[in-house]
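Residues per chain, in single letters:
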Amino acid sequence: MVNPPNRHDPELEPFWDGTEKDELRVQRCSACGAVRWPPRPACFRCGGLEVGWVPAAGCGELYSWTVVARSTLPDFADQVPYVVGVVALEGLPVRVIGRVETDDPWGLQVGIPVTVAFRDHASGVRLPVWLPRARPVGGATGPERRAM
Ligand SMILES: [Zn+2]
């Protein structure tokens, strides 16, 4: 396994606590309210060190992406082609990077709506992934859940 995420890294533990509940979270400065991603120890706006976490809507628009056609990482070699995308979150001024699951990696377009889903990873964390919204997402009971 290549660099598995540390589920108990204190800077990211609230994020992983959220994914365990199928909730995507981002940091928010407790002093000025600035929302930020990725997590940082200090606020980019006011320098404050107190931080809280807020849930994100779990949807957004595809801002950019790349199709990985040849992976140099053994853990991903059997998964090509796959897509890694940048998603502009709905209602928050941040973008997040994540896997985009699609049957048509060459047919993606800027601005298409995407919805988060969560996948159990062999490292023991639940990773957020992004699904183009046209694709069914797990039925009426909530986000799709399956192992990676
Ligand atoms: Zn701040």
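Residues numbered from 1 in each chain as written. Predicted model: local features only at pLDDT ≥ 70, side-chain atom pairs only at ≥ 80, totals over all residues.

Colleague: In this structure, what is going on with the sheet that holds strand β1 (residues 25-29)? I would like to understand it.
Modeller: For sheets, the rule is that strands pair by backbone hydrogen bonds, running either parallel or antiparallel. Strand order across the open sheet formed by 3 strands is β2-β1-β3, with antiparallel pairing between neighbours. Of all strands in the sheet, those bounded by a partner on one side alone are β2 (35-36) and β3 (51-55). With 2 bridges joining them, β1 and β2 adopt antiparallel strand pairing. Looking at β2, one finds that Arg28 is bridged to Val35. (Pairing = 2+ DSSP bridges. Helix = DSSP H or I, 4+ residues; strand = E, 2+ residues; numbered from the N terminus.)

Colleague: For this particular structure, what's the right way to read unusual backbone geometry?
Modeller: Both trends apply: most residues other than glycine have a negative phi, and most peptide bonds are in trans. Omega for the peptide link from Trp37 to Pro38 comes to 0 degrees, which places this bond in the cis form. Between Val80 and Pro81 the backbone carries a cis peptide bond, its omega angle lying at -10 degrees. As for its placement among the helices and strands, Pro81 is situated in the loop between β4 (59-68) and β5 (82-89).

Colleague: Help me out: how do you make sense of helix α1 (residues 13-20) in this one?
Modeller: Owing to its 3.6 residues per turn, the α-helix brings residues three or four apart onto one side. Within α1 the residues assigned to the buried category are Phe15, Gly18 and Thr19. All buried residues of α1 project into a common sector of 95 degrees when viewed along the axis, lining one side. Tucked into the core, α1 has its buried residues touching β1, β3, β7 (113-120) and β8 (126-132). (Buried ≥ 20, exposed ≤ 12 C-beta atoms within 10 Å, placed from the backbone. Arc of directions from axis to C-beta. Contact = placed C-beta atoms within 7 Å.)

These values are about where atoms sit, not about what they do.
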